[in-house]
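# Overview (structure and organization)
These are the residues of each chain, in order.
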Amino acid sequence: MADLKLSYGTASDLTITLASLATDANLLTGRESTAIDNTSALVLDYLVSGKITTGTTPTTAKSIEVWAVGSWDGTNWPDVFDGSESAETITSADIKASVCRYLAAMATSATSNVAYHFGPVSLAAAFGGVLPPKIVLFVTHSTAVALNATAGNHQIRIQPVYQTVN
């Protein structure tokens with residue numbers, strides 16, 4: 001009798017420009033990643049992890065948030081999302097609550113240039129157990145200053161998860 005086992009693919013960096021990302025007290029303005037296209041890979045899940053580094057003299061007790069947004073058919077996206085790496089401002093907090101799926105939030109301190117790590121987090125779990133055809137990540141923060149200006153101080157990685165028969 002065969003056994004079903006998980007198999008992990010090679011992790012890769014997701015394209016999202018977080019260096020010098022402006023702050024937003026409302027946590028609606030941020031950066032959208034390039035789309036994770038699962039229409040041909042047919043991955044069961046992706047584990048998402050990363051680090052995001054604050055800038056100089058952030059305000060204490062603020063937040064960095066990471067969200068996932070799915071395309072419902074592989075072509076169409078909700079609200080301002082389009083599957084392209086770009087700056088975005090979500091229309092309103094109620095729209096954010098209905099179209100974005102929570103992945104991580106990091107409470108920040110007033111210390112400058114701190115790398116905040118998150119994950120790994122299951123993308124499939126964020127969508128109720130099944131991945132949409134395409135997914136983007138959305139990062140926003142309310143630290144009162146722009147994020148660290150060095151691109152290498154930020155990283156978001158995805159690792160595919162498969163099921164194999166042994």
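About the cut-offs
- Residues numbered from 1 in each chain as written.
- Predicted model: local features only at pLDDT ≥ 70, side-chain atom pairs only at ≥ 80, totals over all residues.
- Heavy atoms only, no water.
- Phe/Tyr/Trp six-rings, centres within 6.5 Å; stacked < 30°, edge-to-face > 60°.
- Helix = DSSP H or I, 4+ residues; strand = E, 2+ residues; numbered from the N terminus.
- Buried < 20%, exposed > 50% of the residue type's maximum accessible area, 1.4 Å probe, protein only.
- Polar contact = N/O pair within 3.5 Å; in protein donor to acceptor, adjacent residues only side chain to side chain.
- Pairing = 2+ DSSP bridges.
- Core = buried A, V, L, I, M, F, W, Y, C linked by side-chain atoms within 4.5 Å.
- Contact = heavy atoms within 4.5 Å.
- Salt bridge = Lys/Arg side-chain N within 4 Å of Asp/Glu carboxyl O.

## Focus on the packing of aromatic side chains
Here the structure, examined in full by the defined rule, presents two aromatic pairs. Ring geometry for Phe 81 versus Phe 138: centroids 5.5 Å apart, planes at 85°, classification edge-to-face. One end of the pair, Phe 81, is in the loop between strand E6 (63-71) and strand E7 (86-89); the other, Phe 138, is in strand E10 (residues 134-141), with 57 residues separating them in the sequence. Taking the relative accessible area as the measure of exposure, Phe 81 reaches 4% and is therefore buried. Overall, Phe 138 belongs to the buried group, its relative accessible area being 0%.

## Some words on the environment of Glu 32
Topologically, Glu 32 is positioned in strand E3 (residues 29-32). Among the polar contacts listed, one links the side chain of Glu 32 to the backbone nitrogen of Asp 82, at a separation of 3.1 Å.

## Focus on the pairing of E6
Among the nine residues in E6, nine count as buried, and that is most of the element. Residues Ser 63, Glu 65, Trp 67, Val 69 and Ser 71 of E6 are buried on one face, and the alternating residues Ile 64, Val 66, Ala 68 and Gly 70, pointing to the opposite face, are buried as well. Looking at chain direction, E6 and strand E8 (residues 100-107) are connected through seven bridges and run antiparallel. For Glu 65, the partnering residue across the bridge sits in E8 and is Ala 105.

## Topic: the nonpolar core
Residues Ile 52, Leu 123, Val 139 and Ile 156 are the most contacted members of the largest nonpolar core, which totals 28 residues. Where this core is concerned, the elements lending two or more residues are strand E5 (45-53), E6, E8, strand E9 (115-122), helix H2 (123-126), E10 and strand E11 (155-165). If near-sequence neighbours (up to four positions away) are discounted, Ile 156 is found in contact with Ser 12, Asp 13, Leu 14, Ile 16, Leu 18, Val 48, Ser 49, Gly 50, Phe 118, Leu 137 and Val 139. Trp 67, Trp 77, Cys 100 and Phe 138 belong to the second-largest nonpolar core, a separate cluster that totals ten residues.

## What about the side chain of Lys 96?
Considering the arrangement of structural elements, one finds Lys 96 in helix H1 (residues 93-99). Lys 96 gets classed as buried once you look at its relative accessible area, which sits at 8%. Excluding residues within four positions of it along the chain, Lys 96 makes contact with Leu 27, Leu 28, Glu 65, Trp 67, Ile 90 and Thr 140.

## Quick notes on the pattern of salt bridges
The final tally for this structure, using the stated rule, is three salt bridges. Two residues, Arg 31 and Glu 85, come together in a salt bridge whose shortest N-O distance is 2.9 Å. With Arg 31 in strand E3 and Glu 85 in the loop between E6 and E7, the pair connects residues that are 54 residues apart, well separated along the chain. Under the relative-accessibility criterion, Arg 31 is labelled buried at 19%. Its salt-bridge partner being Lys 96, residue Glu 65 comes within 2.6 Å of it at the nearest N-O pair. Of this pair, Glu 65 sits in strand E6 while Lys 96 sits in helix H1, and the two are 31 residues apart along the sequence. Judged on exposure class, the residue Glu 65 and its partner Lys 96 are both buried.

## Regarding the environment of Leu 44
Inspection of the secondary structure puts Leu 44 in the loop between strand E4 (36-37) and E5. Each C-alpha atom, one on Leu 44 and one on Gly 129, is 8.9 Å from the other, the two residues being 85 residues apart in sequence.

## Overview of the pairing of E11
Side-chain positions along a regular strand alternate between the two faces of the sheet. As paired strands, strand E1 (residues 4-8) and E11 are joined by five bridges and run antiparallel to one another. In the strand pairing of E11, Ser 7 is matched with Tyr 162. In this structure, strand E2 (residues 12-13) lies alongside E11, joined through two bridges in antiparallel fashion. In the sheet register, Asp 13 faces E11, and the bridge partner there is Arg 157. Sheet topology note: the E5/E11 ladder contains seven bridges and is antiparallel. Directly across from Lys 51, in E11, lies its bridge partner Gln 155.

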